[in-house]
Amino acid sequence: MIEAVNLAKHYGAKTAVGGVTFTVKPGMVTGFLGPNGAGKSTTMRMIVGLDKPSAGTITVNGKPYAKHHDPLHQVGALLDAKAVHTSRSAYNHLLAMAATHNIPTSRVNEVIDMTGLAAVAKKKAGGFSLGMGQRLGIASALLGDPQTLILDEPVNGLDPEGVLWVRNLAKHLAGQGKTVFLSSHLMSEMAQTADHLIVIGRGQIIADAPIATILAGSQQARVRVRTADTARLGQLLSANGVQVQNNERETLEVSGVDSRQIAQVALENQVLVYELTPLTTSLEEAYFDLTKDSVEYHSQEFDDAAAEPAPALKGLQKR
Amino acid sequence: MSTTTIPAPSAAAGTTGLTFLGVLRSEWIKFRSLRSTQLLLLFTFVAVVGVGIIAAFLRGTIIDQIMKFGATGPTEPGAPAGHQLTLEQAIDAANAQGISIYGIPIAGLQLGILVLGALAVLLIASEFGTGMVRSTMTAVPKRLPAFFAKAIVLVVVSYVLTLVAAFVTFLISIPILHGYGIDMSLGRDGVVYTILMGGVYVAGVALTGLSLGTLIRSSAGGIIVLVALFFLLEIGTSLLGLVPGDFWKYVGQYVPSVAGGRMLEIGDKAAFISPLSGGLIFLGWIVLVTVPAVITLKTRDV
């Protein structure tokens, strides 16, 4: 159980996290979703006390993380796959981490086998690929068999098998009644793993709901209609304050009314309709819907206007 | 490689949680598991013993010269033989100029602290450099136990290393000095003292290095400041001695390397602080660097 109350973090004038309140409950996988720079990593670092909140509180199982007498048994965290000394072997890294909590060497070997690191455990961590580093980070997080698992972008750099493994691990631990909190900027990943979603953008919580609700929420009952007379039907439907989009030949996308109502209108006005398909929103669309105003780093559009010389340069060329 | 296994919750259960002894063990594992650490320790040992051996030959020769020509250096050939000193007189004369026989076991310390001090800075600065510090501070969220555990490992290792190196140098110097007719033994004034105290000086420098690494969080920056404190400051203040007025001549005694060096001598010296005062001033410098290091480690984000 993780509880944040009015949690904020400012770096000078810049606000990374702007007073968020949320709860991550045990027994399910909670996804933490948001664009780059939204405040996900900062929030996660504050959970384990690496960053101090500028305001508000964050507790794990009722207490600030540092106040627990057995922090690694409370929370296992993968915050940064690069949080290892590059010249130390994976085995010695885990051994040193385990020693702080008097965790036996047998557990170190267990997590090494579990994460598939056995073959490279005695090699320097600095030579690890991104995926191997990620596995070492996960091994480190699992050392204390924690009640709460926090994984920041856990599937980054993992091969498909590794991705599947992380997904199953998260679900398995949640099934044991543990709290699992994982962040990602990949909606597809969340759709397959998370039960509950917290969406963050520009340091603010945009949505905090079960994944099904988020999908349903943005899903404004859209229906694809194929008809012989798009103009007429479109006109008839628009009159009732319904949004109609004409995308392709003989195809309309209608939102705001259900299939039955559309059929009724078509029947009364003698318009031929040969397809009525309710459309479901993907999480991806729901996500873009939610975060479109809160993306910190917009990619620039590649249009021709941008290719033209800037006005100042134009002036120079005239001379 | 198989990654299909699902975690067994068993083995971690029944442990005692976070303890300082555990943190100490963790820091010891970290310390011994880096090749660079082992190499730097070896360098330190070789430096202290090597310079000590050279010093034994040099000081033996100097005393030999003083015996033959007097403390003021060679006189004209054919000078009266009455200028010659006895061996003990020559040793005293050399001692007055800071060239002591009892100091030979720790003659190499200045080079030793350079290597070991750098190792101390690296011990924590490399954690900041690689990101390891985030793992360390996640496991030990109160942070200070990790710093103190590092400090204990460092202080014990530097003390023991210096003690052994000084004693080995002492043993090697016995036959060398015998060649000059000088009797080197544990019974000689100051020998046991320097062998025991050399490690205190090195451990103090190491602690300063650890604090500088914690404060500055950069290996290069930390080592530069350490060198400035223990080498450049001494050179700078020795130039101050040229300034008219007695005050400036005393400032130089308060820089860490001079005060710490004085701690390793025995007996009084005209117009100079006592060895005990030197030790206290040296301690003051360590506190001056360690306190802000501890405060920033506790409060700053990592």
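Source: prediction; values computed, not measured. (Residues numbered from 1 in each chain as written. Chains lettered and ligands numbered in written order. Predicted model: local features only at pLDDT ≥ 70, side-chain atom pairs only at ≥ 80, totals over all residues. Heavy atoms only, no water.)

K.L.:
Is there a simple way to think about the overall build of chain A in this case?
P.N.:
When its secondary structure is counted, chain A shows 13 helices and 13 strands. Counting across all 319 residues of chain A, residues that qualify as buried make up 49%. Summarising the internal contacts of chain A: among those between residues at least 6 apart in sequence, 70% fall at separations of at least 24. When the accessible area of chain A is evaluated, it comes to approximately 14,900 Å², of which 52% is carbon and sulfur surface. (Helix = DSSP H or I, 4+ residues; strand = E, 2+ residues; numbered from the N terminus. Buried < 20%, exposed > 50% of the residue type's maximum accessible area, 1.4 Å probe, protein only. Contact = heavy atoms within 4.5 Å. Areas by Shrake-Rupley, 256 points an atom, 1.4 Å probe, with all protein chains shown as cover.)

K.L.:
Just checking my understanding: could you explain the pattern of salt bridges for this structure?
P.N.:
Side-chain pairs of opposite charge can arise where the charged atoms are in close proximity. Residue and element names in this part refer to chain B. In total, this model carries 16 salt bridges over all chains according to the counting rule given. Between R188 and E88 there is a salt bridge whose closest N-O contact spans 4.0 Å. One end of the pair, R188, is in the loop between helix 6 (144-178) and helix 7 (191-216); the other, E88, is in helix 3 (residues 87-96), with 100 residues separating them in the sequence. For R188, a relative accessible area of 17% gives the class buried. (Salt bridge = Lys/Arg side-chain N within 4 Å of Asp/Glu carboxyl O.)

K.L.:
Please explain the environment of B:I273 as it appears in this structure.
P.N.:
Residue and element names in this part refer to chain B. For I273, the location among the structural elements is in the loop between helix 10 (256-263) and helix 11 (275-299). Under the relative-accessibility criterion, I273 is labelled buried at 12%. For the pair I273 and R262, spaced 11 residues apart in the sequence, the C-alpha separation amounts to 7.8 Å.

K.L.:
I would appreciate a short explanation of the UniProt feature "transmembrane region" (unreviewed entry) in chain B in the present structure.
P.N.:
All names here are of chain B. Here, the residues flagged by UniProt with the feature "transmembrane region" (unreviewed entry) are residues 6-24, 36-58, 102-126, 147-172, 192-216, 223-243 and 272-297. Structurally, residues 36-58 comprises 100% helix and 0% strand, and the distance from its first C-alpha atom to its last is 32 Å. Secondary structure over residues 223-243 splits into 86% helix and 0% strand, and the C-alpha atoms at its two ends are 30 Å apart. (UniProt positions renumbered as here; feature names shortened; annotations may be inferred.)

K.L.:
Would you take a moment to explain the sheet that holds strand 4 (residues 55-60) of chain A for this structure?
P.N.:
Working definition: the strands of a sheet are paired by backbone hydrogen bonds and lie parallel or antiparallel to each other. Residue and element names in this part refer to chain A. Pairing in this open sheet of 3 strands is antiparallel, and the strands run 2-1-4 from one edge to the other. Only two strands of the sheet have a single partner each, and these edge strands are strand 2 (14-24) and strand 4. Going across the sheet, the axis of each strand differs from the next one's by a mean of 20°, ignoring polarity. Bridge count between strand 1 (residues 2-11) and strand 4: 5 bridges; the pairing is antiparallel. Paired with V5 across the strands is T57, a residue of strand 4. (Pairing = 2+ DSSP bridges. Axes fitted to C-alpha atoms, helices over the stretch in contact; angles between N-to-C directions.)

K.L.:
How do you make sense of the packing of helix 7 of chain B against helix 11 of chain B when you look at a structure like this?
P.N.:
When two helices pack together, their arrangement is given by the angle between the helix axes and the distance between those axes. Residues and elements named next belong to chain B. Here helix 7 crosses helix 11 at 30°, and the two axes come no closer than 8 Å. Considering their axes alone, helix 7 and helix 11 lie roughly parallel with respect to each other. Note that helix 7 runs across helix 11; the crossing there is left-handed. Only F282, I286, V289, T290, P292, A293, T296 and L297 of helix 11 make contact with helix 7, whose side of the interface consists of V200, Y201, G204, V205, L207, T208, S211, L212, T214 and L215. Residues belonging to the contact of helix 7 with helix 11 are distributed by class as follows: 12 nonpolar, 6 polar and no charged. (Parallel < 35°, antiparallel > 145°, perpendicular 65-115°, else oblique. Left-handed = near helix turned anticlockwise from the far one by under 90°. Nonpolar A, V, L, I, M, F, W, Y, C, P; charged D, E, K, R; others polar.)

K.L.:
Would you explain the pairing of strand 7 (residues 179-184) of chain A in this entry?
P.N.:
On a regular strand, each side chain points to the face opposite its neighbour's, so the side chains alternate between the two faces of the sheet. Residue and element names in this part refer to chain A. A large share of strand 7 lies buried, amounting to 6 of its 6 residues. Side chains of strand 7 alternate between two faces, with T179, F181 and S183 and V180, L182 and S184 buried alike. Bridge count for strand 3 (residues 28-33) against strand 7 is 6 bridges, and the pairing is parallel. By the bridge assignment for strand 7, L33 is matched with S184. Here strand 6 (residues 148-152) runs beside strand 7; their pairing, made up of 5 bridges, is parallel.

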